[in-house]
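Structural features, examined
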Amino acid sequence: MFARLFSFLLCISAAICMQAGTPKYIFYFIGDGMGLGSVMITEAYNRTILGNDQHLTMLQFPVVGVATSYSANRHITDSSAAGTALSTGHKTNNYMLGMNPDTVPVYSIAKSLKEAGYGVAIATTVTLNDATPSAFYGHAPSRKHYYDIGKGIIDSEYNFFAGYNLLSRNNNKGEETDLYDLIKKAGYKIVWGKDGYESVKNQDKIIMLNKPNRAGHCGFTVDSLGDENFDVPYLTRTCLNHLKKNSPEKFFMMIEGGNIDWIAHANDPGTVKSVLNFDEGIKIAYDFYLQHPDETLIIVTADHNTGGMTFGVRGNKRVTLKNLDYQKVSISMFQDYCKKLQNSEKAIEWNEMKEYLKANLGFYGPIDVEEKDDKAIQEAFNKTFKTKETEEVETLYLSYNKFAEIVFVIFNRYTGIGWTTTGHSGDFTPVYAIGAGAEIFNGLNNNIDLPKKIAKLTGVKF
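Attention here is on the structure that accompanies the text.

**Some details on the side chain of Gln 335**
Summarising the element assignment, Gln 335 is placed in helix α12 (residues 331-342). Side-chain polar atoms of Gln 335 contact the backbone nitrogen of Asn 401, separated by 2.9 Å. In this structure, Gln 335 is in contact with Glu 392, Ser 399, Tyr 400, Asn 401 and Ala 404, ignoring residues within four places of it in sequence.

**Notes on the packing of aromatic side chains**
In this structure the tally under the stated criterion is 29 aromatic pairs. Arranged with centres 6.0 Å apart and planes meeting at 80 degrees, the rings of Tyr 28 and Phe 136 form a pair that is edge-to-face. Of this pair, Tyr 28 sits in strand β1 (residues 25-30) while Phe 136 sits in the loop between α5 (131-134) and α6 (146-156); the two residues are 108 residues apart in sequence, bridging distant segments of the chain. Ring geometry for Tyr 158 against Phe 161: centres 5.8 Å apart, planes inclined by 20 degrees, an arrangement best described as stacked. For the residue pair Tyr 158 and Phe 161, the accessibility class agrees, reading buried in each case. Taken together through their ring pairs, the aromatic side chains of Phe 334, Tyr 337, Trp 350, Tyr 356, Phe 363, Tyr 364, Phe 381, Phe 385, Phe 403, Phe 408, Phe 411 and Tyr 414 make up a single cluster. Positioned over the ring face of Tyr 234 is Lys 194, at 4.6 Å from the centre of the ring. The cationic tip of Lys 205 hangs over the ring face of Tyr 188; the distance from NZ or CZ to the ring centre is 4.6 Å.

What counts, and where the lines are drawn
Within each chain, residues carry numbers counting from 1 in the order of the written sequence. With the structure being a predicted model, the display of local features is reserved for residues of pLDDT at least 70 and the display and counting of side-chain atom pairs for 80 or more, all residues being used for whole-chain, interface and lining totals. Here the side-chain values reflect all heavy atoms present in the structure, with hydrogen atoms and water set aside. Secondary structure elements are defined from DSSP: runs of H or I of at least 4 residues count as helices, runs of E of at least 2 residues count as strands, and each element is numbered from the N terminus. Residues adjacent in sequence count toward polar contacts only when both atoms are side-chain atoms; beyond that, a polar contact is any pair of N or O atoms within 3.5 Å, and within protein one must be able to donate a hydrogen and the other to accept it. In what follows, a contact means two residues having at least one pair of non-hydrogen atoms within 4.5 Å. Stacked, tilted and edge-to-face are the three classes applied to pairs of Phe, Tyr and Trp rings, where Trp contributes its six-membered ring and a pair requires centres within 6.5 Å; stacked means planes under 30 degrees apart, edge-to-face means over 60, and tilted covers the rest. Using a 1.4 Å probe on the protein chains alone, a residue whose accessible area is under 20% of its type maximum counts as buried, one over 50% counts as exposed, and one in between counts as partly exposed. Criterion for a charge above a ring: Arg CZ or Lys NZ at most 6 Å from the ring centre, at most 35 degrees from the ring normal.

Right, dumping it as C-alpha coordinates:
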(Lines give C-alpha, C1' and ligand atoms only; values in the text may rest on other atoms or scores of the structure.)
Protein backbone atom coordinates (compact mmCIF):
# COMPACT_ATOMS: atom_id res chain seq x y z
CA MET A 1 0.00 0.00 0.00
CA PHE A 2 2.71 2.44 1.05
CA ALA A 3 4.86 1.42 -1.92
CA ARG A 4 1.96 2.09 -4.32
CA LEU A 5 1.27 5.46 -2.72
CA PHE A 6 4.95 6.40 -2.87
CA SER A 7 5.10 5.39 -6.53
CA PHE A 8 1.97 7.44 -7.27
CA LEU A 9 3.37 10.53 -5.55
CA LEU A 10 6.67 10.07 -7.38
CA CYS A 11 4.86 10.03 -10.73
CA ILE A 12 2.95 13.19 -9.84
CA SER A 13 6.18 14.87 -8.78
CA ALA A 14 7.88 13.84 -12.02
CA ALA A 15 4.95 15.14 -14.05
CA ILE A 16 5.04 18.48 -12.24
CA CYS A 17 8.80 18.77 -12.80
CA MET A 18 8.39 17.91 -16.45
CA GLN A 19 5.70 20.51 -16.89
CA ALA A 20 7.76 23.11 -15.04
CA GLY A 21 10.64 22.36 -17.40
CA THR A 22 8.62 22.97 -20.57
CA PRO A 23 9.65 26.33 -22.05
CA LYS A 24 6.96 28.58 -23.46
CA TYR A 25 9.33 31.38 -24.44
CA ILE A 26 12.51 30.39 -26.28
CA PHE A 27 15.40 32.68 -27.22
CA TYR A 28 18.04 31.16 -29.52
CA PHE A 29 21.04 33.48 -29.93
CA ILE A 30 23.66 32.61 -32.55
CA GLY A 31 26.83 34.68 -32.60
CA ASP A 32 28.04 34.00 -36.13
CA GLY A 33 31.77 33.35 -35.94
CA MET A 34 31.84 33.92 -32.16
CA GLY A 35 34.48 31.51 -30.92
CA LEU A 36 35.51 30.83 -27.35
CA GLY A 37 38.50 33.15 -27.85
CA SER A 38 36.40 36.14 -28.85
CA VAL A 39 34.12 35.62 -25.84
CA MET A 40 37.09 35.36 -23.50
CA ILE A 41 38.78 38.52 -24.85
CA THR A 42 35.50 40.42 -24.63
CA GLU A 43 35.09 39.28 -21.04
CA ALA A 44 38.62 40.47 -20.23
CA TYR A 45 37.87 43.86 -21.80
CA ASN A 46 34.56 44.02 -19.93
CA ARG A 47 36.33 43.35 -16.61
CA THR A 48 39.60 45.24 -16.89
CA ILE A 49 38.82 48.21 -19.14
CA LEU A 50 35.10 48.81 -18.70
CA GLY A 51 35.49 48.03 -15.00
CA ASN A 52 32.36 45.90 -14.73
CA ASP A 53 32.25 43.70 -11.65
CA GLN A 54 29.72 41.40 -13.36
CA HIS A 55 30.56 38.97 -16.13
CA LEU A 56 29.10 39.25 -19.60
CA THR A 57 25.44 38.26 -19.39
CA MET A 58 26.01 35.02 -21.29
CA LEU A 59 28.78 34.07 -18.85
CA GLN A 60 26.41 34.50 -15.91
CA PHE A 61 24.25 31.61 -17.16
CA PRO A 62 24.47 28.51 -14.95
CA VAL A 63 24.72 26.04 -17.82
CA VAL A 64 28.00 26.11 -19.74
CA GLY A 65 28.93 23.73 -22.51
CA VAL A 66 30.62 23.47 -25.87
CA ALA A 67 29.57 22.12 -29.24
CA THR A 68 31.39 20.51 -32.12
CA SER A 69 30.96 22.35 -35.41
CA TYR A 70 32.23 20.04 -38.18
CA SER A 71 30.03 19.56 -41.23
CA ALA A 72 29.14 16.38 -43.11
CA ASN A 73 32.09 16.73 -45.47
CA ARG A 74 34.62 19.03 -43.75
CA HIS A 75 36.41 19.36 -40.44
CA ILE A 76 35.83 23.10 -40.74
CA THR A 77 32.25 24.10 -41.46
CA ASP A 78 30.82 27.05 -43.31
CA SER A 79 27.82 29.01 -42.05
CA SER A 80 25.20 27.27 -44.18
CA ALA A 81 26.13 23.77 -43.02
CA ALA A 82 26.46 24.94 -39.42
CA GLY A 83 23.21 26.90 -39.62
CA THR A 84 21.47 23.81 -41.00
CA ALA A 85 22.81 21.75 -38.10
CA LEU A 86 21.75 24.29 -35.47
CA SER A 87 18.32 24.69 -37.05
CA THR A 88 17.35 21.22 -38.30
CA GLY A 89 19.47 18.77 -36.32
CA HIS A 90 21.03 17.39 -39.51
CA LYS A 91 24.60 17.52 -40.76
CA THR A 92 25.05 18.61 -44.34
CA ASN A 93 27.88 19.51 -46.71
CA ASN A 94 29.46 22.92 -46.75
CA TYR A 95 27.52 25.45 -48.87
CA MET A 96 24.30 23.40 -48.69
CA LEU A 97 21.34 24.85 -46.85
CA GLY A 98 18.32 23.18 -45.25
CA MET A 99 19.07 19.93 -47.10
CA ASN A 100 20.96 16.79 -46.24
CA PRO A 101 23.98 15.79 -48.38
CA ASP A 102 21.61 13.94 -50.74
CA THR A 103 19.68 17.21 -51.36
CA VAL A 104 16.63 16.02 -49.45
CA PRO A 105 15.03 18.98 -47.62
CA VAL A 106 15.27 18.93 -43.83
CA TYR A 107 13.20 21.16 -41.62
CA SER A 108 13.86 23.65 -38.87
CA ILE A 109 12.91 23.51 -35.21
CA ALA A 110 11.32 26.91 -35.90
CA LYS A 111 8.93 25.30 -38.39
CA SER A 112 8.03 22.56 -35.89
CA LEU A 113 7.36 25.12 -33.19
CA LYS A 114 5.28 27.25 -35.57
CA GLU A 115 3.14 24.22 -36.40
CA ALA A 116 2.72 23.63 -32.65
CA GLY A 117 1.30 27.11 -32.18
CA TYR A 118 4.41 29.09 -31.23
CA GLY A 119 4.92 32.55 -32.64
CA VAL A 120 8.23 32.73 -34.52
CA ALA A 121 10.64 35.58 -35.25
CA ILE A 122 13.92 35.45 -37.17
CA ALA A 123 16.32 38.40 -37.00
CA THR A 124 19.88 39.12 -38.09
CA THR A 125 22.29 42.02 -38.51
CA VAL A 126 23.10 40.86 -42.06
CA THR A 127 20.86 39.91 -44.99
CA LEU A 128 17.77 37.80 -44.35
CA ASN A 129 18.62 35.24 -47.01
CA ASP A 130 22.22 34.87 -45.89
CA ALA A 131 23.26 31.45 -44.57
CA THR A 132 22.37 31.38 -40.88
CA PRO A 133 18.91 33.00 -40.88
CA SER A 134 18.04 31.14 -44.10
CA ALA A 135 18.65 27.80 -42.41
CA PHE A 136 15.55 28.42 -40.30
CA TYR A 137 13.21 28.59 -43.29
CA GLY A 138 15.02 27.86 -46.58
CA HIS A 139 16.19 24.86 -48.61
CA ALA A 140 18.75 24.94 -51.44
CA PRO A 141 21.68 22.88 -52.72
CA SER A 142 23.76 26.06 -52.58
CA ARG A 143 23.66 28.95 -50.12
CA LYS A 144 24.14 31.23 -53.14
CA HIS A 145 20.65 30.47 -54.48
CA TYR A 146 19.42 33.59 -52.74
CA TYR A 147 16.25 34.02 -54.75
CA ASP A 148 14.94 30.50 -54.17
CA ILE A 149 15.95 30.69 -50.52
CA GLY A 150 14.16 34.02 -50.09
CA LYS A 151 10.89 32.53 -51.34
CA GLY A 152 11.02 30.22 -48.32
CA ILE A 153 9.95 33.19 -46.20
CA ILE A 154 6.51 32.93 -47.80
CA ASP A 155 6.10 29.24 -47.01
CA SER A 156 7.31 29.68 -43.42
CA GLU A 157 4.46 32.02 -42.42
CA TYR A 158 6.59 33.14 -39.46
CA ASN A 159 5.34 36.21 -37.67
CA PHE A 160 8.35 38.48 -37.92
CA PHE A 161 11.60 38.84 -39.86
CA ALA A 162 14.24 41.53 -39.50
CA GLY A 163 17.57 42.09 -41.19
CA TYR A 164 19.50 44.21 -43.66
CA ASN A 165 17.70 43.33 -46.89
CA LEU A 166 17.16 40.44 -49.31
CA LEU A 167 19.81 39.48 -51.85
CA SER A 168 18.92 38.66 -55.47
CA ARG A 169 15.38 39.97 -55.45
CA ASN A 170 14.79 38.85 -59.04
CA ASN A 171 15.41 35.65 -60.97
CA ASN A 172 15.95 37.57 -64.24
CA LYS A 173 13.45 35.55 -66.29
CA GLY A 174 11.40 38.53 -67.36
CA GLU A 175 8.33 37.62 -65.33
CA GLU A 176 6.97 39.15 -62.15
CA THR A 177 9.43 37.63 -59.75
CA ASP A 178 10.52 40.41 -57.41
CA LEU A 179 10.84 38.81 -54.00
CA TYR A 180 9.44 41.84 -52.26
CA ASP A 181 6.33 41.79 -54.44
CA LEU A 182 5.79 38.06 -53.90
CA ILE A 183 6.24 38.41 -50.16
CA LYS A 184 3.80 41.32 -50.00
CA LYS A 185 1.23 39.29 -51.93
CA ALA A 186 1.62 36.56 -49.32
CA GLY A 187 0.38 38.96 -46.66
CA TYR A 188 3.60 40.39 -45.20
CA LYS A 189 4.12 44.09 -44.57
CA ILE A 190 7.63 45.11 -45.67
CA VAL A 191 8.99 48.20 -43.96
CA TRP A 192 12.32 50.00 -43.91
CA GLY A 193 13.96 51.28 -40.76
CA LYS A 194 12.84 51.81 -37.19
CA ASP A 195 10.31 54.46 -38.11
CA GLY A 196 8.89 52.15 -40.76
CA TYR A 197 8.22 49.48 -38.15
CA GLU A 198 6.44 51.96 -35.89
CA SER A 199 3.92 52.62 -38.66
CA VAL A 200 2.84 48.94 -38.98
CA LYS A 201 3.72 47.37 -35.63
CA ASN A 202 0.12 46.31 -35.01
CA GLN A 203 0.27 43.95 -38.01
CA ASP A 204 1.04 40.27 -37.37
CA LYS A 205 3.30 39.39 -40.32
CA ILE A 206 6.09 41.92 -40.81
CA ILE A 207 9.47 42.03 -42.52
CA MET A 208 11.55 44.89 -41.15
CA LEU A 209 14.62 45.87 -43.16
CA ASN A 210 17.50 48.18 -42.32
CA LYS A 211 17.66 51.39 -44.33
CA PRO A 212 20.45 51.07 -46.93
CA ASN A 213 23.88 52.30 -45.86
CA ARG A 214 27.44 52.27 -47.12
CA ALA A 215 28.24 49.03 -45.29
CA GLY A 216 25.86 46.71 -47.15
CA HIS A 217 24.82 45.25 -43.78
CA CYS A 218 23.53 46.71 -40.52
CA GLY A 219 26.99 48.05 -39.70
CA PHE A 220 29.79 47.29 -37.26
CA THR A 221 29.44 48.45 -33.68
CA VAL A 222 32.92 50.00 -33.67
CA ASP A 223 31.94 52.31 -36.56
CA SER A 224 29.02 53.87 -34.68
CA LEU A 225 26.92 54.14 -37.84
CA GLY A 226 24.03 55.82 -36.03
CA ASP A 227 20.61 55.14 -34.58
CA GLU A 228 19.07 54.31 -37.96
CA ASN A 229 20.92 50.99 -38.12
CA PHE A 230 19.70 47.85 -36.42
CA ASP A 231 21.88 46.26 -33.76
CA VAL A 232 21.33 43.14 -31.67
CA PRO A 233 19.66 44.88 -28.69
CA TYR A 234 17.20 46.67 -30.98
CA LEU A 235 16.40 43.49 -32.90
CA THR A 236 15.91 41.50 -29.69
CA ARG A 237 13.67 44.14 -28.14
CA THR A 238 11.59 44.54 -31.31
CA CYS A 239 11.17 40.78 -31.80
CA LEU A 240 10.16 40.43 -28.16
CA ASN A 241 7.61 43.22 -28.30
CA HIS A 242 6.13 41.89 -31.52
CA LEU A 243 5.80 38.32 -30.25
CA LYS A 244 4.42 39.39 -26.87
CA LYS A 245 1.69 41.25 -28.72
CA ASN A 246 0.89 38.65 -31.39
CA SER A 247 1.73 35.36 -29.69
CA PRO A 248 1.73 35.99 -25.95
CA GLU A 249 1.14 32.38 -24.94
CA LYS A 250 4.34 30.97 -26.42
CA PHE A 251 7.02 32.01 -28.89
CA PHE A 252 10.44 31.25 -30.36
CA MET A 253 12.96 33.71 -31.72
CA MET A 254 16.37 33.28 -33.36
CA ILE A 255 18.63 36.31 -33.17
CA GLU A 256 21.88 36.24 -35.15
CA GLY A 257 24.81 38.52 -34.49
CA GLY A 258 25.95 38.18 -38.11
CA ASN A 259 28.43 41.04 -38.08
CA ILE A 260 30.69 39.23 -35.61
CA ASP A 261 31.57 36.92 -38.48
CA TRP A 262 32.08 39.69 -41.03
CA ILE A 263 34.44 41.72 -38.89
CA ALA A 264 36.34 38.68 -37.63
CA HIS A 265 37.02 37.53 -41.21
CA ALA A 266 38.98 40.78 -41.56
CA ASN A 267 40.93 40.06 -38.34
CA ASP A 268 39.63 43.32 -36.94
CA PRO A 269 39.88 43.71 -33.14
CA GLY A 270 36.62 45.65 -33.31
CA THR A 271 35.16 42.14 -33.08
CA VAL A 272 35.16 42.72 -29.32
CA LYS A 273 32.68 45.59 -29.65
CA SER A 274 30.41 43.41 -31.82
CA VAL A 275 30.44 40.63 -29.19
CA LEU A 276 29.62 43.22 -26.51
CA ASN A 277 26.67 44.42 -28.59
CA PHE A 278 25.52 40.81 -29.01
CA ASP A 279 25.68 40.33 -25.25
CA GLU A 280 23.57 43.46 -24.71
CA GLY A 281 20.84 41.78 -26.73
CA ILE A 282 21.11 38.70 -24.54
CA LYS A 283 20.64 40.96 -21.51
CA ILE A 284 17.20 41.97 -22.83
CA ALA A 285 16.19 38.31 -23.06
CA TYR A 286 17.64 37.70 -19.58
CA ASP A 287 15.53 40.50 -18.10
CA PHE A 288 12.47 38.82 -19.63
CA TYR A 289 13.59 35.50 -18.13
CA LEU A 290 13.75 37.07 -14.66
CA GLN A 291 10.05 37.90 -15.02
CA HIS A 292 9.16 34.40 -16.31
CA PRO A 293 11.86 32.07 -14.90
CA ASP A 294 9.82 28.86 -15.04
CA GLU A 295 8.64 29.35 -18.62
CA THR A 296 11.64 30.86 -20.44
CA LEU A 297 14.64 29.18 -22.06
CA ILE A 298 17.65 31.10 -23.41
CA ILE A 299 20.34 29.35 -25.44
CA VAL A 300 23.44 31.14 -26.68
CA THR A 301 25.84 29.54 -29.14
CA ALA A 302 27.83 30.10 -32.34
CA ASP A 303 27.88 28.37 -35.69
CA HIS A 304 31.70 28.30 -35.84
CA ASN A 305 34.78 30.29 -34.87
CA THR A 306 35.92 32.88 -37.39
CA GLY A 307 39.52 34.07 -37.51
CA GLY A 308 40.84 31.88 -34.71
CA MET A 309 40.89 34.94 -32.44
CA THR A 310 43.23 34.52 -29.46
CA PHE A 311 44.46 36.53 -26.51
CA GLY A 312 48.20 36.64 -27.04
CA VAL A 313 50.29 37.07 -30.16
CA ARG A 314 53.88 36.39 -31.16
CA GLY A 315 56.17 39.40 -30.97
CA ASN A 316 54.01 41.30 -28.51
CA LYS A 317 55.64 42.64 -25.37
CA ARG A 318 52.50 44.33 -24.13
CA VAL A 319 48.87 43.32 -23.80
CA THR A 320 46.87 46.54 -23.74
CA LEU A 321 43.14 46.04 -24.21
CA LYS A 322 42.77 49.74 -23.45
CA ASN A 323 43.81 50.27 -27.08
CA LEU A 324 40.34 49.08 -28.09
CA ASP A 325 38.94 52.33 -26.71
CA TYR A 326 41.01 54.28 -29.25
CA GLN A 327 39.61 52.36 -32.23
CA LYS A 328 36.88 54.44 -33.87
CA VAL A 329 36.78 52.74 -37.28
CA SER A 330 36.70 49.19 -38.59
CA ILE A 331 39.21 48.09 -41.19
CA SER A 332 36.29 48.24 -43.65
CA MET A 333 35.59 51.91 -42.96
CA PHE A 334 39.32 52.63 -42.95
CA GLN A 335 39.58 51.03 -46.39
CA ASP A 336 36.71 53.21 -47.63
CA TYR A 337 38.60 56.25 -46.39
CA CYS A 338 41.78 55.11 -48.15
CA LYS A 339 39.95 54.40 -51.41
CA LYS A 340 38.38 57.84 -51.36
CA LEU A 341 41.85 59.35 -50.98
CA GLN A 342 43.24 57.21 -53.80
CA ASN A 343 40.51 58.49 -56.11
CA SER A 344 40.98 62.09 -55.10
CA GLU A 345 42.80 64.55 -57.34
CA LYS A 346 44.48 66.04 -54.27
CA ALA A 347 47.30 63.88 -52.90
CA ILE A 348 47.29 63.21 -49.18
CA GLU A 349 50.45 63.93 -47.23
CA TRP A 350 51.87 61.72 -44.51
CA ASN A 351 51.16 64.22 -41.73
CA GLU A 352 47.46 64.21 -42.65
CA MET A 353 47.34 60.42 -42.48
CA LYS A 354 49.25 60.50 -39.22
CA GLU A 355 46.57 62.74 -37.71
CA TYR A 356 43.83 60.41 -38.98
CA LEU A 357 45.57 57.41 -37.39
CA LYS A 358 45.88 59.32 -34.14
CA ALA A 359 42.20 60.29 -34.08
CA ASN A 360 40.81 56.90 -35.14
CA LEU A 361 43.27 54.30 -33.84
CA GLY A 362 45.32 56.14 -31.21
CA PHE A 363 48.61 55.78 -33.15
CA TYR A 364 51.14 58.57 -32.55
CA GLY A 365 49.02 59.66 -29.59
CA PRO A 366 48.03 57.45 -26.64
CA ILE A 367 49.60 54.49 -28.49
CA ASP A 368 53.32 54.91 -28.93
CA VAL A 369 54.39 53.53 -32.33
CA GLU A 370 57.76 51.76 -32.28
CA GLU A 371 60.40 52.87 -34.76
CA LYS A 372 60.31 49.70 -36.89
CA ASP A 373 56.53 49.82 -37.08
CA ASP A 374 56.55 53.53 -37.94
CA LYS A 375 58.89 52.72 -40.81
CA ALA A 376 56.64 49.87 -42.04
CA ILE A 377 53.53 52.07 -41.89
CA GLN A 378 55.18 54.93 -43.80
CA GLU A 379 56.59 52.61 -46.47
CA ALA A 380 53.13 51.10 -47.02
CA PHE A 381 51.63 54.60 -47.09
CA ASN A 382 54.06 55.71 -49.81
CA LYS A 383 53.34 52.63 -51.93
CA THR A 384 49.59 53.12 -51.60
CA PHE A 385 49.29 56.87 -52.05
CA LYS A 386 52.49 57.99 -53.77
CA THR A 387 53.76 55.30 -56.14
CA LYS A 388 50.32 53.62 -56.43
CA GLU A 389 51.76 50.10 -56.29
CA THR A 390 49.63 48.67 -53.50
CA GLU A 391 47.98 45.26 -53.63
CA GLU A 392 44.53 44.25 -52.44
CA VAL A 393 43.97 41.74 -49.63
CA GLU A 394 40.80 39.63 -49.98
CA THR A 395 38.77 38.07 -47.17
CA LEU A 396 35.36 36.39 -47.43
CA TYR A 397 33.32 39.59 -47.17
CA LEU A 398 35.81 42.46 -47.25
CA SER A 399 38.81 43.57 -49.26
CA TYR A 400 41.37 46.20 -48.28
CA ASN A 401 44.75 47.49 -49.38
CA LYS A 402 48.11 46.45 -47.99
CA PHE A 403 48.44 49.70 -46.09
CA ALA A 404 45.24 49.01 -44.14
CA GLU A 405 46.38 45.45 -43.47
CA ILE A 406 49.74 46.58 -42.04
CA VAL A 407 48.12 49.21 -39.83
CA PHE A 408 45.69 46.69 -38.35
CA VAL A 409 48.31 43.96 -37.94
CA ILE A 410 50.30 46.38 -35.81
CA PHE A 411 47.20 47.51 -33.92
CA ASN A 412 46.33 43.87 -33.14
CA ARG A 413 49.86 43.17 -31.95
CA TYR A 414 49.96 46.20 -29.66
CA THR A 415 46.58 45.18 -28.23
CA GLY A 416 47.61 41.56 -27.64
CA ILE A 417 45.10 39.98 -30.03
CA GLY A 418 46.21 37.21 -32.36
CA TRP A 419 44.53 35.53 -35.33
CA THR A 420 45.20 32.19 -37.00
CA THR A 421 43.20 32.64 -40.23
CA THR A 422 40.95 34.96 -42.20
CA GLY A 423 38.58 32.01 -42.63
CA HIS A 424 36.87 29.72 -40.15
CA SER A 425 38.49 27.40 -37.63
CA GLY A 426 37.25 24.01 -36.52
CA ASP A 427 37.42 24.32 -32.74
CA PHE A 428 34.57 24.03 -30.25
CA THR A 429 31.86 26.67 -30.13
CA PRO A 430 30.41 27.95 -26.84
CA VAL A 431 27.02 26.96 -25.46
CA TYR A 432 25.43 28.93 -22.62
CA ALA A 433 21.90 28.35 -21.33
CA ILE A 434 19.49 29.34 -18.60
CA GLY A 435 15.86 28.62 -17.82
CA ALA A 436 13.36 25.82 -18.23
CA GLY A 437 15.22 22.61 -19.08
CA ALA A 438 18.52 24.40 -19.66
CA GLU A 439 20.54 21.71 -17.87
CA ILE A 440 20.32 19.35 -20.84
CA PHE A 441 22.63 21.67 -22.80
CA ASN A 442 25.44 21.20 -20.28
CA GLY A 443 28.75 19.60 -21.27
CA LEU A 444 29.76 18.44 -24.73
CA ASN A 445 27.16 18.83 -27.49
CA ASN A 446 27.24 18.07 -31.17
CA ASN A 447 25.78 21.11 -32.90
CA ILE A 448 22.93 18.95 -34.24
CA ASP A 449 21.96 18.20 -30.62
CA LEU A 450 20.78 21.72 -29.85
CA PRO A 451 17.55 21.83 -31.90
CA LYS A 452 16.81 18.22 -30.93
CA LYS A 453 17.03 19.19 -27.27
CA ILE A 454 14.69 22.13 -27.84
CA ALA A 455 12.23 19.70 -29.45
CA LYS A 456 12.59 17.30 -26.54
CA LEU A 457 11.85 20.04 -24.00
CA THR A 458 8.83 21.40 -25.88
CA GLY A 459 7.48 18.02 -26.99
CA VAL A 460 7.03 19.16 -30.59
CA LYS A 461 7.21 16.77 -33.51
CA PHE A 462 10.64 17.23 -35.07
